[in-house]
Amino acid sequence: MLVAIVLHLLAVVYWIGGMLVMLLVVRPAAVQLLEPPQRLPLLCAVLSRFFVGVWGALVVLLGTGLWMLFRVFGGFALAGIHIHAMLLLFLLMAGIFLYLFFRPYSALKRALKDKNLLLAGTLMGLIRTLVVINASLGVATLIVASAGRYL
Ligand code: HEM
């Protein structure tokens, strides 16, 4: 249980913390200092590196979460409502990430390769909106997960 919860929380910190750093720190600084021809490739490169870790975080969260659910908490019937909510919110967040990765993010890479900055800017705006939604869901999940056992 100790190893599982530590890995679980490290994955949470990486994914949710990473989204918040992207939204609140990296993007505003890039908007302030760089014009679209420099900014969009930079942000795309930052996302590429970040997403590698997000794939890992998805696997670790689901793996450790399900392991704790079935090995420690006795399965769905016995687990608290906060664990059900955690899984549900995770599935929502994972669905949004998969859509983001395979649709707008793939299209963004193609648009940048074709030097289509107008399209790349539109796609980056869509990616930002999806990351805002996922970061909000992530913070909600964190609150539910941590406060759940005291309800
Ligand atoms: C974005 C997704 C997730 C976040 C932010 C998250 C967050 C957390 C946090 C903060 C805790 C520590 C709670 C505490 O000890 O007070 C926790 C524990 C736990 N998580 Fe998650 N989790 C996520 C996904 C999942 C998934 C997919 C499962 C699978 C069922 C899961 C199952 C569990 C279980 C069983 C615990 C132990 C609960 C307890 O000690 O009361 N989590 N999670």
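It should be noted that the structure appears before, not after, this text.
**What to know about the packing of helix α1 (residues 2-33) against helix α4 (residues 117-147)**
At step 1: Look at α1 against α4: their axes get within 10 Å of each other, and the N-to-C directions meet at 135°. On the basis of the axis angle, α1 is oblique to α4. Between α1 and α4 lies a crossing whose hand is left-handed. For the pair formed by α1 and α4, the contact residues are Val12, Trp15, Ile16, Met19, Leu20, Leu23 and Arg27 on the first element and Arg128, Val131, Val132, Asn134, Ala135, Gly138, Val139 and Leu142 on the second.

**Quick word on the coordination of the iron atom of the ligand**
Geometrically, a metal with four donors at the corners of a regular tetrahedron has ideal angles of 109.5 degrees, and one with six donors at the corners of a regular octahedron has ideal angles of 90 or 180 degrees.
At step 1: The protein atoms that coordinate the iron atom of the ligand are His8 (NE2) and Met86 (SD), at distances spanning 2.0 to 2.1 Å.
At step 2: One way to put it: the six donor atoms around the iron atom of the ligand meet at angles of 85 to 179°, and that makes the site octahedral. Pair noted here: His8 is in helix α1 and Met86 is in helix α3 (residues 81-113), with a separation of 78 residues, a long-range link.

**A few points about the packing of aromatic side chains**
At step 1: Scanning the entire structure with this criterion turns up 13 aromatic pairs.
At step 2: Taken together, a centroid distance of 6.3 Å and an interplanar angle of 80° make the contact between Trp15 and Phe90 edge-to-face. Taken together, the residues span a long stretch of sequence, with Trp15 in helix α1 and Phe90 in helix α3 at a distance of 75 residues. In this structure, Trp15 and Phe90 share a single accessibility class: buried.
At step 3: Aromatic side chains Phe70 and Phe76 sit 5.4 Å apart centroid to centroid with 85° between the ring planes, which places their arrangement in the edge-to-face category.

Conventions and cut-offs
- Residues numbered from 1 in each chain as written.
- Predicted model: local features only at pLDDT ≥ 70, side-chain atom pairs only at ≥ 80, totals over all residues.
- Heavy atoms only, no water.
- Axes fitted to C-alpha atoms, helices over the stretch in contact; angles between N-to-C directions.
- Helix = DSSP H or I, 4+ residues; strand = E, 2+ residues; numbered from the N terminus.
- Parallel < 35°, antiparallel > 145°, perpendicular 65-115°, else oblique.
- Left-handed = near helix turned anticlockwise from the far one by under 90°.
- Contact = heavy atoms within 4.5 Å.
- Donors = N, O, S within 2.8 Å, 3.2 Å for Na, K, Ca; no water.
- Tetrahedral: all angles 85-135°; square planar, octahedral: opposite > 155°, others 65-115°.
- Phe/Tyr/Trp six-rings, centres within 6.5 Å; stacked < 30°, edge-to-face > 60°.
- Buried < 20%, exposed > 50% of the residue type's maximum accessible area, 1.4 Å probe, protein only.

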